[in-house]
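Descriptive structure summary
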Amino acid sequence: MKRICVFCGSRPGVRPAYRAAAEAVGALFAERGIELVYGGGNVGLMGIVADACLAAGGRVVGVIPRALLEWEVGHEGLTRLEVVDSMHTRKARMAELADAFIALPGGLGTFEELFEILTWAQLGFHSKPVGLLNVEAYYQPLVQMMERGVAEGFMKAENRGLLLVEDNVNALLRTMGAYHPPAVGKRIRDEKQL
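Right, let's walk through the structure included here. Every value quoted in this text rests on a predicted model; they were computed, and no experiment measured them. (Residues numbered from 1 in each chain as written. Predicted model: local features only at pLDDT ≥ 70, side-chain atom pairs only at ≥ 80, totals over all residues. Heavy atoms only, no water.)

So, on to the overall build of the chain. Check the secondary structure of the chain and you find 7 helices and 7 strands. In sequence order, the secondary structure elements of the chain are arranged as β-α-β-α-β-β-α-β-α-β-α-α-β-α. For 194 residues, the compact-globule formula gives about 16 Å, and the C-alpha radius of gyration of the chain, at 17 Å, lands near that figure. Counting every position in the chain, which comprises 194 residues, the buried fraction comes to 45%. Sequence separation of at least 24 residues holds for 69% of the intrachain contacts in the chain that already meet a minimum separation of 6. Carbon and sulfur atoms make up 53% of the accessible area of the chain, which amounts to about 10200 Å² in all. (Helix = DSSP H or I, 4+ residues; strand = E, 2+ residues; numbered from the N terminus. Rg over C-alpha atoms; globule rule 2.2 N^0.38 Å. Buried < 20%, exposed > 50% of the residue type's maximum accessible area, 1.4 Å probe, protein only. Contact = heavy atoms within 4.5 Å. Areas by Shrake-Rupley, 256 points an atom, 1.4 Å probe, with all protein chains shown as cover.)

Listed below in structure tokens is the structure:
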């Protein structure tokens, strides 16, 4: 994993642990020579993870839509900042650049990015690892909802397995490094035909 895309909040959250986790991720990427790919903002956890990576000597590529350049305050100190035409282009470009994905705490945008990249994995559009850094159990309700999706017959267990969950970034990188994607076969079949 030479480049990892991080999805995270454009706000810092209320707990100091969120900031600490973003700083740890950025510093660890720099230490391991992993290039950070992210949404290009200079605010919230986005800015914190980028600044931590840069401060530790790492490389950071930001991808931001022109419409959000001022709103998310595009980061001017990055290794490279790509300005694109839309959110769709932003997500596609980040996915193209990255070898893997990690979600830190965040809001609707982070949820949407995470679930889109998981859906792409489920459909076989990519076979890259997708990790969730479950800081202070922030994502525990989401993990439980996915497990309920399996229990209620809306998801296959192997699709739940596409999301690798850890509460420590070192453990998450180890888990992601050992990831083997499931084979993608026929996704939907009429249960009456079984």
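Still more to cover.
Another aspect to go through is the side chain of H75. Relative to the assigned elements, H75 resides in the loop between strand 3 (60–65) and strand 4 (80–84). A polar contact of 3.5 Å, which involves the side chain of H75, links it to the side chain of N42. A distance of 3.0 Å separates a polar side-chain atom of H75 from the backbone nitrogen of G77. Those residues in contact with H75 that sit more than four places away from it in its chain are Y38, G40, G41, N42, A50, D51, L54 and L81. (Polar contact = N/O pair within 3.5 Å; in protein donor to acceptor, adjacent residues only side chain to side chain.)

A rise of 1.5 Å per residue sets the reference length of helix 5 (residues 140–151), with its 12 residues, at 16 Å; its end C-alpha atoms lie 16 Å apart and thus fit the reference within 8%. Within the sequence span of helix 5, burial applies to L142, V143, M146 and G149. Seen end-on, helix 5 carries its buried residues on one side only, within an arc spanning 110°. Facing away from the buried side of helix 5 by more than 90 degrees, the exposed set consists of P141, R148 and A151. (Expected span 1.5 Å × (residues − 1). Arc of directions from axis to C-beta.)

In the Ramachandran plot, E136 falls in the positive-phi region, its phi being about 55° despite a non-glycine side chain. A positive phi angle, close to 60°, is found at A137, a residue other than glycine. Turning to its location among the elements, A137 is positioned in the loop between strand 6 (130–133) and helix 5.

Here the structure, examined in full by the defined rule, presents 4 aromatic pairs. Ring centres of Y18 and Y138 lie 5.8 Å apart, and the angle between their planes is 75°; this geometry places the pair in the edge-to-face category. Remark: Y138 occurs in the loop between strand 6 and helix 5 and Y18 occurs in helix 1 (residues 16–32); sequence separation between them is 120 residues. Accessibility expressed as a relative area gives 9% for Y18, which makes it buried. Every member of this aromatic cluster is reached through a ring pair, and the members are Y18, F111, Y138 and Y139. (Phe/Tyr/Trp six-rings, centres within 6.5 Å; stacked < 30°, edge-to-face > 60°.)

Okay, the packing of helix 1 against helix 7 (residues 169–177) next. Following both chains from N to C, one finds helix 1 and helix 7 inclined at 50°, their axes separated by 10 Å at the closest point. The pairing of helix 1 with helix 7 is recorded here as oblique in orientation. When the axes of helix 1 and helix 7 are compared, the crossing they make is right-handed. For the pair helix 1 and helix 7, the contacting residues are V25, L28, F29 and R32 in the first and V169, N170 and L173 in the second. In the contact of helix 1 with helix 7, the residues fall into 5 nonpolar, 1 polar and 1 charged. (Axes fitted to C-alpha atoms, helices over the stretch in contact; angles between N-to-C directions. Parallel < 35°, antiparallel > 145°, perpendicular 65-115°, else oblique. Left-handed = near helix turned anticlockwise from the far one by under 90°. Nonpolar A, V, L, I, M, F, W, Y, C, P; charged D, E, K, R; others polar.)

The subject of this paragraph is the sheet that holds strand 7 (residues 163–166). Reading across the sheet, the 7 strands line up as 4-3-2-1-5-6-7 and stay open at both edges, with parallel pairing between neighbours. The strands lining the two open edges of the sheet, one partner per strand, are strand 4 and strand 7. Across the sheet, the mean angle from the axis of one strand to that of its neighbour is 25°, orientation sign disregarded. Direction of pairing for strand 2 (residues 35–38) relative to strand 3: parallel, over a ladder of 3 bridges. Note on strand 3: the bridge partner recorded for Y38 is G62. (Pairing = 2+ DSSP bridges.)

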